[in-house]
Structures are given as structure tokens and as C-alpha cells.
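Architecture at a glance
In case you want the letters, here they are:
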Amino acid sequence: VHDCMRLITDRYFRYYDMLYDMIRDEVGGSYFWMWAPGRMVKLQCDFAAMIGPEMFSEFMLPVLQEMTERVSCSMFHWDGPGALPHLDALLSLPRLGMIQWVPGAGIEPPDHPRWWPLYHRILEAGKRPFVYDCASEESLRAMKREFATQLNRFYIMMNVPDRAAGERILRVAECD
């Protein structure tokens, strides 16, 4: 398994480098869910939900460590309740910049207060939480009350019906 992980990681970056060279912008920025000033990568391991922390640390942590060191900006797509035990391992990665929590089907959405303790831990570790689906202006206001100026460190996606609503949401999100 270790040999295969090495092979996969080498191949991943062989093709990543080729694609990056083709699509980077004039300042070297790239886009993977969001623009970043340099090489950006979104990492994930959905298999993590089926293994414990010991196996995650043995098989995935070294790969994630290497991958985060080879790019300027990185995000981990942390998916489902089975992946919750791996937060400490993810937080231990010095170059992992952002964590996107995806609770899973039928569970409270990512903007729900149930997940706020996770976001506090992510922030305390010096990383940015990515809330991919903030459902409403009220939800954003509640997050702002909870996180205050730390809300500036979040990457939050919201759907808005029009420009006026978008501008209103931006004013709500502003932190002094």
C-alpha cells in the first residue's frame, strides 16, 4: 500500500504540474474552487471515513504532508461523520491552510451551531474553515455573533438571489 501511495502521489504531481503550467494566470495564481496566489490544491480522502486514526496517520498523513508542502495553498475536503476522528491529524499539518467540513446527508448543515466547536478548533490551529453552504442571512449573523472578527478568516459560500442581496450579505459579513 505504501508503494502504491508513493506511485499515486508522484503521478498526481506529474499531471498537476502539467495542468498548472497550462492554466496559471499571469501572476502564477491558480483556481480550484477559489483563486489562490500560487499553486492551489483541494485534497480529500473519502476512504478516511472507513479507517481509524492510526491507519489515517500511517497511510494518509505522510501523503497529505508532502502534498501540502508542494503547493502554495491547500484545502482539505473533510467529509462525513466517519471522518471526524481525523481532525487532530489534519490540524497537525503545518502547511494545510483550509478545512472544508462536509457533514454528510441527513445531518445538520455546515453552518449549524453543532459544528462551531470544530470551527473554533480549526481557527485555534491557525487554519481557515470553509463553510460551503451558509443557508441564510440569519445563519451568517449567528456565525458573526459566535466568531466575531474571526469570521474574517472563514471562506463562506452563499447563494443569493440578486446583486442587492449579495451586497447586503457582504455588509453583514464585514468585521471591524
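Notes on the structure follow.

Cut-offs used in this document
- Every chain begins its residue count from 1, and numbering advances along the sequence as written.
- Confidence filtering applies because this is a predicted model: local features only for residues at pLDDT of at least 70, side-chain atom pairs given and counted only at 80 or more, and all residues used for totals across whole chains, interfaces and linings.
- Excluded from the side-chain calculation are hydrogens and water; included are all heavy atoms of the structure.
- Axis definition: a line fitted to C-alpha atoms, limited for helices to the stretch in contact. Angles are taken between N-to-C directions and run from 0 to 180 degrees.
- Note on conventions: DSSP H or I runs of at least 4 residues are helices, E runs of at least 2 residues are strands, and numbering of each starts at the N terminus.
- For classification purposes, angles smaller than 35 degrees are called roughly parallel, those larger than 145 roughly antiparallel, those between 65 and 115 roughly perpendicular, and all remaining angles oblique.
- The handedness criterion is simple: a crossing whose near helix is rotated anticlockwise from the far helix by less than a right angle is left-handed, and one whose near helix is rotated clockwise is right-handed.
- Throughout, a contact is declared for two residues whenever any of their heavy atoms are within 4.5 Å.
- Each residue receives one of three labels: charged for Asp, Glu, Lys and Arg, nonpolar for Ala, Val, Leu, Ile, Met, Phe, Trp, Tyr, Cys and Pro, and polar for the others, Gly being one of them.
- Any N or O atom pair separated by 3.5 Å or less is treated as a polar contact, with the protein-specific requirement of one donor-capable and one acceptor-capable atom, and with residues adjacent in sequence counted only for side-chain atom pairs.

Helix-helix packing is described using two parameters, namely the angle between the two axes and the distance between the axes. Between helix α5 (residues 137-147) and helix α6 (residues 163-173), the least distance of the axes is 9 Å, while the angle of their chain directions is 15°. Compared by their axis directions, α5 and α6 come out roughly parallel. As for the relative orientation of α5 and α6, their crossing is right-handed in sense. Between α5 and α6, the contacting residues are Glu137, Leu140, Arg141 and Lys144 on the first element and Arg168, Ile169, Arg171, Val172 and Ala173 on the second. For the contact of α5 with α6, a count of residues per class yields four nonpolar, no polar and five charged.

Turning our attention to the environment of Ser30. Within the secondary structure layout, Ser30 lies in strand β1 (residues 30-31). With 53 residues separating them along the chain, Ser30 and Ala83 place their C-alpha atoms 28 Å apart. Excluding anything up to four places from it in sequence, Ser30 contacts Tyr16, Tyr20, Trp35, Ala36, Gly38, Arg39 and Met40. A polar contact is formed between the side chain of Ser30 and the backbone nitrogen of Met40, at a distance of 3.0 Å.

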